[in-house]
Amino acid sequence: MRSKWTGLGLIIIGVGLLMVKTDWPYTDRLWHWEFGLLAAGLILLLAAITRRNRSMTLWAAMLTGVGLQLWAPLYIPAWPKHWSMILWNVGAAFLVRALVFKERQNGIIGALLIAVGLFAWPKIKEVEGLAGISDTLHTYWPALIVLLGFVLIVMRK
């Protein structure tokens, strides 16, 4: 298994170097430490899923989210840059783990974290359908953290 991952790593590095040497378009976007973090997270996530490693899947998904959050604003002007995106990324990591391993508790935690992040996001007022209640959501989003705490206490593994 190790030689397969080493081989995959060599292929990725070789393709990247060929892209630089042959002046492929958009290559400049790939050679930043932020993209390296995103790529490392994706590779670790793939390894974790294929090895069926629950904790590694969660951490690799979080690393992927951090890498995406750092890299995307450099090239996607509309990408949200608010701290609430951290909650979205952590929630998405729990959802990935829930989907891969069919764990209901992690799915609930992930959904609640994403909801908390959405409600804490200042641009919630611009979301159609939530504009009318956005002031209430933006004020009382910490109540979802309390709810998440109760979920963690009450739910069994």
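Criteria and cut-off values
Residues numbered from 1 in each chain as written. Predicted model: local features only at pLDDT ≥ 70, side-chain atom pairs only at ≥ 80, totals over all residues. Heavy atoms only, no water. Axes fitted to C-alpha atoms, helices over the stretch in contact; angles between N-to-C directions. Helix = DSSP H or I, 4+ residues; strand = E, 2+ residues; numbered from the N terminus. Left-handed = near helix turned anticlockwise from the far one by under 90°. Contact = heavy atoms within 4.5 Å. Nonpolar A, V, L, I, M, F, W, Y, C, P; charged D, E, K, R; others polar. pLDDT = per-residue confidence, 0-100. Patch = residues over 30% accessible without salt bridge, like charges linked within 9 Å, V, L, I, M, F, W, Y side chains within 5 Å. Areas by Shrake-Rupley, 256 points an atom, 1.4 Å probe, with all protein chains shown as cover. Salt bridge = Lys/Arg side-chain N within 4 Å of Asp/Glu carboxyl O. Buried < 20%, exposed > 50% of the residue type's maximum accessible area, 1.4 Å probe, protein only. Expected span 1.5 Å × (residues − 1). Core = buried A, V, L, I, M, F, W, Y, C linked by side-chain atoms within 4.5 Å.

The description of two helices packed together rests on the angle between their axes and the distance between the axes. The contact between helix 4 (residues 54-75) and helix 5 (residues 84-101) brings their axes to 8 Å, and the two run at 145°. In the crossing of helix 4 with helix 5, the sense of the turn from one axis to the other is right-handed. Only Met85, Asn89, Val90, Ala93, Phe94, Val96, Arg97 and Phe101 of helix 5 make contact with helix 4, whose side of the interface consists of Arg54, Ser55, Thr57, Leu58, Ala61, Met62, Gly65, Val66 and Gln69. Here the contact of helix 4 with helix 5 is composed, by residue class, of 10 nonpolar, 5 polar and 2 charged.

The next subject is the confidence of the model for the protein chain. In low-pLDDT regions, the fine details of the predicted coordinates are not to be read closely. Looking at the protein chain, the pLDDT average stands at 83 and 93% of residues meet or exceed 70. Ranking the helices and strands of the protein chain by mean pLDDT puts helix 5 first, with 91, and helix 2 (residues 27-30) last, with 67.

Take a nonpolar patch on the surface next. A contiguous nonpolar surface patch, about 460 Å² in accessible area, is contributed by Val146, Phe150, Ile153 and Val154. When you line up the elements, valine 154 lands in helix 8 (residues 142-154). Residue valine 154 is classed as exposed on the basis of its relative accessible area of 63%.

To continue, consider helix 3 (residues 33-51). Because each turn of an α-helix spans 3.6 residues, side chains separated by three or four positions in sequence point in the same direction. For helix 3, which comprises 19 residues, the first-to-last C-alpha distance of 26 Å matches the rise-based estimate of 27 Å (1.5 Å per residue) to within 8%. Along helix 3, the residues classified as buried are Glu34, Leu38, Gly41, Leu45, Ala47 and Ala48. Trailing helix 3 by a residue or two, arginine 52 shows a phi angle of about 60°, which is positive.

The backbone of arginine 52 sits at a positive phi, close to 60°, despite the residue not being glycine. Take arginine 52: it is sitting in the loop between helix 3 and helix 4. The exposed category is assigned to arginine 52, whose relative accessible area is 51%. Although it is not a glycine, lysine 102 sits at a positive phi angle of roughly 55°. Counting through the fold element by element, lysine 102 comes out in the loop between helix 5 and helix 6 (104-120). By relative accessible area, which is 74% here, lysine 102 ends up exposed.

Tallying each qualifying case throughout the model produces 2 salt bridges. As a salt-bridge pair, glutamate 103 and arginine 54 come within 3.1 Å of each other at their nearest N and O atoms. With glutamate 103 in the loop between helix 5 and helix 6 and arginine 54 in helix 4, this pair connects stretches of sequence that are 49 residues apart. For arginine 54, a relative accessible area of 40% translates into the label partly exposed. A salt bridge links arginine 97 to glutamate 103; the nearest nitrogen and oxygen atoms lie 3.0 Å apart. Here the salt bridges share partners, and the residues they tie into one network are Arg54, Arg97 and Glu103.

With that settled, the discussion passes to the nonpolar core. Ranked by size, the top nonpolar core spans 20 residues in total, and within it Phe94, Leu113 and Phe119 carry the most contacts. Looking at this core, the elements with two or more residues in it are helix 4, helix 5, helix 6 and helix 8. Here this core gets 6 residues from one element, more than from any other, and that element is helix 6. Ignoring anything within four residues of it in the chain, the contact list for phenylalanine 94 reads Leu58, Met62, Asn106, Gly107, Ile109, Gly110 and Leu113.

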